[in-house]
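Architecture and fold: a report
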Amino acid sequence: MQLTTRLDGTKAGGMMLGNKKMRRKEIDENLLEELFRLKNEWMNLKSILERSIEPSEIGLYDLSVSEAKYFFLLREARKRKISALR
């Protein structure tokens, strides 16, 4: 195994590529789980507010925040080329 020196002075071995792939896979799985959780949260809030006679300002704020989080993670998943059908 060949050691290389990083810019910060630490040594890195050749086994790094395998760990990087495993780490990426774990991150992708976590991203998908969070994406589905946020979609459910967003849809639940949307449903509640649609049934409300007079939605509160806080409820509308929570809805817009959950929608923004969902679309942010959706864009991240597209960048990472992650696809999952549930």
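Computed from a prediction, not measured in an experiment: that's the story for all the values here.

Thoughts on the packing of aromatic side chains
For the structure on display, the rule yields three aromatic pairs. Centre to centre, the rings of Tyr70 and Phe71 are 5.2 Å apart; their planes meet at 70 degrees, and the pair counts as edge-to-face. Taken together, the aromatic side chains of Trp42, Tyr70 and Phe71 make up a single cluster linked through ring pairs.

Considerations on unusual backbone geometry
Here Lys81, not a glycine, exhibits a phi torsion of approximately 60 degrees, which is positive. You can see Lys81 is positioned in the segment after α2 (57-79). Under the relative-accessibility criterion, Lys81 is labelled exposed at 74%.

Focus on the nonpolar core
In terms of nonpolar packing, the biggest core is built from twelve residues, these being Leu31, Leu32, Leu35, Leu38, Trp42, Leu49, Leu63, Tyr70, Leu73, Leu74, Ala77 and Ile82. For this core, the elements supplying multiple residues, two or more each, are α1 (16-51) and α2. The leading source of residues in this core is α1, at six residues.

Focus on the environment of Arg24
Tracing the sequence through the fold places Arg24 in helix α1. A relative accessible area of 40% places Arg24 in the partly exposed class. Distance in space between the C-alpha atoms of Arg24 and Arg80 is 9.7 Å, their sequence separation being 56 residues.

Description of α2
The end-to-end C-alpha distance of α2, which contains 23 residues, comes to 33 Å, matching closely the 33 Å that a straight helix rising 1.5 Å per residue would cover. Residues Gly59, Leu63, Ser66, Tyr70, Leu73, Leu74 and Ala77 constitute the buried set of α2.

As for the layout of surface pockets
Considered as a void within the structure, the largest pocket measures approximately 150 Å³ in volume. The wall of the largest pocket is formed by Leu32, Leu35, Phe36, Lys39, Tyr70, Leu74, Ala77, Arg78, Ile82, Ser83 and Ala84. Of the residues that constitute the lining of the largest pocket, the class distribution is eight nonpolar, one polar and two charged.

Points about the pattern of salt bridges
With the rule as written, the count across this model stands at five salt bridges. Among the salt bridges present, the one from Glu34 reaches Arg37, with a minimum N-O distance of 2.6 Å. Residue Glu34 and its partner Arg37 are both found in helix α1; the two are separated by three residues, about one turn of the helix. With a relative accessible area of 42%, Arg37 lands in the partly exposed category. Sharing partners across several salt bridges, the network here consists of Arg24, Asp28, Glu76 and Arg80.

Parameters and conventions
- Residues numbered from 1 in each chain as written.
- Predicted model: local features only at pLDDT ≥ 70, side-chain atom pairs only at ≥ 80, totals over all residues.
- Heavy atoms only, no water.
- Phe/Tyr/Trp six-rings, centres within 6.5 Å; stacked < 30°, edge-to-face > 60°.
- Helix = DSSP H or I, 4+ residues; strand = E, 2+ residues; numbered from the N terminus.
- Buried < 20%, exposed > 50% of the residue type's maximum accessible area, 1.4 Å probe, protein only.
- Core = buried A, V, L, I, M, F, W, Y, C linked by side-chain atoms within 4.5 Å.
- Expected span 1.5 Å × (residues − 1).
- 1 Å grid on protein atoms, 1.4 Å probe; cavity = no way out; pocket = protein on both sides within 12 Å on 5 of 7 lines; lining within 4 Å.
- Points joined across faces, edges and corners; volume = space filled by probe spheres on them.
- Nonpolar A, V, L, I, M, F, W, Y, C, P; charged D, E, K, R; others polar.
- Salt bridge = Lys/Arg side-chain N within 4 Å of Asp/Glu carboxyl O.

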